[in-house]
Amino acid sequence: MVIEKIETFILKDKLSQSFFFSQWEYAERCICVVKVTASNGEYGWGEGYGPATVLEAGIKLIEPIVIGENPLENEVIWNKMYRKTLDFARKGVLMASLSAIDIAIWDLKGKILGLPISTLLGGAHRTKVKPYATGLYFTNHNNFSDGFVEEAQKYVSQGFKAMKMKVGLGIKEDVKNVKLIREAIGDDIDLMIDSNHAYTLREAVELCQKIEKYDIKWFEEPISPEFYEQYSELRQRTTIPIAGGECEYLRFGFNQLIKNKSVDIIQPDICASGGLTEAKRIAALASANGVDFIPHTWGTSIGLHVALHFISNIESIPGRMYQPDFLMEYDQTENALRDKLSYPSIEMKDGMIEVPNRPGLGIDIDEDVLRKYSVSSDIEKKDLIKKL
């Protein structure tokens, strides 16, 4: 049995209302997913994080060295993809292309063996994961806090025990909004902030000092990801835990973060930083250095399930009789590709999400939804072949 076919699908969803954060404005979702099929007819799905058309081109570049490989030997395949791209893509979109293929191979491997990915990773230390709502983006350029209170209270009413809000449009505005949200949700809900690397070190220190009293669980990407030493200095000047890493790649990049004592929490995006194969290595590195691991997730339901399985397998260090809940990012912005693409759908009960125990990722893709949102060439070729 060998890998016989790799197909890419660029999916696009026009939003009913655009939203923005410290860097950019979004009017649509555009994501590249990949399907890897074996010679026995089994297939797996993966997803990459980054510019969809560039990501698709990267998959096409890597494809020839993956075709004909044994899908059960995912580490061997990973190493071949890594060597193929090493000279020009140790960081960036091509690594996301590798990640998408790697994830699809894990899904395929799980289906071939009849086992969930959590089991393939070594087993589930927990069967439920605690999601936090990522939302509270800006929608009104004239009033940044417009709708914030109503949105935050909605997350609480839905059962979320934690949420993350956007900051980064100015310290004065940030302080006002953080105070507003903390008062709206009360003291029992965890609150995190994310500036998407909008601030200088001086500005980040000032903001931290002004919002420490609002019990912030972590400050995500306070400054530019290039400044490892500044991250470390910021950690020494605030009681707020510092998080980062969604712009980092491979165990080698995360080794820099950890060696420099830059963050309390690393946040690899598994769909970009090297896939599940490399995420396992990054987690071992974090564990050996006492750094928490909470993946960044942003995309379709495929990426969410990847995070679910992976988080279930993260060992708790130190161990204790009553284990803390492990957090998973659960984006709540408008996204049909997250809500409709796969089945069964994710359900949150009592503020927790169960880890699927079905083979692979535990989901399949709705072909009608795939077709509806697809703008890529592979699905067009498929339709043409059917007509012929």
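Computed from a prediction, not measured in an experiment: that's the story for all the values here.

Engineer: I tried to follow the side chain of E278 on my own but got confused; where do I start?
Structural biologist: Tracing the sequence through the fold places E278 in helix α10 (residues 275-288). On the basis of relative accessible area, E278 is assigned to the buried category, the value being 0%. Those residues in contact with E278 that lie beyond four places of it in its chain are W78, L250, R251 and S273.

Engineer: Help me understand helix α2 (residues 74-85) in this model?
Structural biologist: For the α-helix, the turn length of 3.6 residues means that residues three or four positions removed from each other point alike. With 12 residues, α2 should reach 16 Å at 1.5 Å per residue; the first-to-last C-alpha distance of 17 Å fits that figure. Among all positions of α2, only N74, I77, W78, M81, Y82 and T85 are buried. Buried residues of α2, seen end-on, are gathered within an arc of 135 degrees and therefore sit on one face of the element. Residues of α2 that are exposed and angled more than 90 degrees away from the buried face: E75 and R83. Against β1 (3-20), α1 (52-66), α3 (93-113), α9 (250-259) and α10 lie the buried residues of α2.

Engineer: Sorry if this is basic, but what is going on with the pairing of strand β7 (residues 216-220) here?
Structural biologist: Both faces of the sheet carry side chains from a regular strand, because those side chains alternate between them. Summarising burial for β7: four of the five residues are buried, a large majority. In terms of strand pairing, strand β6 (residues 190-194) meets β7 through three bridges, oriented parallel. Note on β7: the bridge partner recorded for L191 is I216. The parallel pair β6 and β7 is bridged by helix α7 (residues 201-211), and the resulting crossover is right-handed. Inspection of the sheet shows β7 paired to strand β8 (residues 242-244) by two bridges, in the parallel sense. Residue pairing for β8: F219 is matched across the bridge by I242. Taking the sense of rotation as the criterion, the β-α-β connection linking β7, helix α8 (residues 228-236) and β8 turns out right-handed.

Engineer: How should a nonpolar patch on the surface be read in this particular structure?
Structural biologist: A cluster of nonpolar side chains, contributed by M1, L72, L113 and L115, occupies part of the molecular surface with about 300 Å² of accessible area. Here L113 lies in helix α3. L113 gets classed as partly exposed once you look at its relative accessible area, which sits at 42%.

Engineer: Mind showing me how you'd approach the packing of aromatic side chains here?
Structural biologist: Ring pairs (aromatic) are described by centroid distance and by the angle formed between their planes. Evaluated as defined, the whole model comprises 18 aromatic pairs. Pairing F21 with Y137 gives two aromatic rings, centres 6.2 Å apart and planes at 90 degrees, and the pair type is edge-to-face. With F21 in the loop between β1 and β2 (25-38) and Y137 in the loop between β4 (128-134) and α5 (148-158), this pair connects stretches of sequence that are 116 residues apart. Each member of the pair, F21 as well as Y137, carries the same accessibility label: buried. Ring centres of Y82 and F252 lie 6.4 Å apart, and the angle between their planes is 20 degrees; on these two criteria the pair is classed as stacked. Taken together, the positions of Y82 in helix α2 and F252 in helix α9 put the pair 170 residues apart, joining distant regions of the chain.

Conventions we followed
- Residues numbered from 1 in each chain as written.
- Predicted model: local features only at pLDDT ≥ 70, side-chain atom pairs only at ≥ 80, totals over all residues.
- Heavy atoms only, no water.
- Helix = DSSP H or I, 4+ residues; strand = E, 2+ residues; numbered from the N terminus.
- Buried < 20%, exposed > 50% of the residue type's maximum accessible area, 1.4 Å probe, protein only.
- Contact = heavy atoms within 4.5 Å.
- Expected span 1.5 Å × (residues − 1).
- Arc of directions from axis to C-beta.
- Pairing = 2+ DSSP bridges.
- Right-handed = clockwise from strand over helix to strand, strands pointing away.
- Patch = residues over 30% accessible without salt bridge, like charges linked within 9 Å, V, L, I, M, F, W, Y side chains within 5 Å.
- Areas by Shrake-Rupley, 256 points an atom, 1.4 Å probe, with all protein chains shown as cover.
- Salt bridge = Lys/Arg side-chain N within 4 Å of Asp/Glu carboxyl O.
- Phe/Tyr/Trp six-rings, centres within 6.5 Å; stacked < 30°, edge-to-face > 60°.

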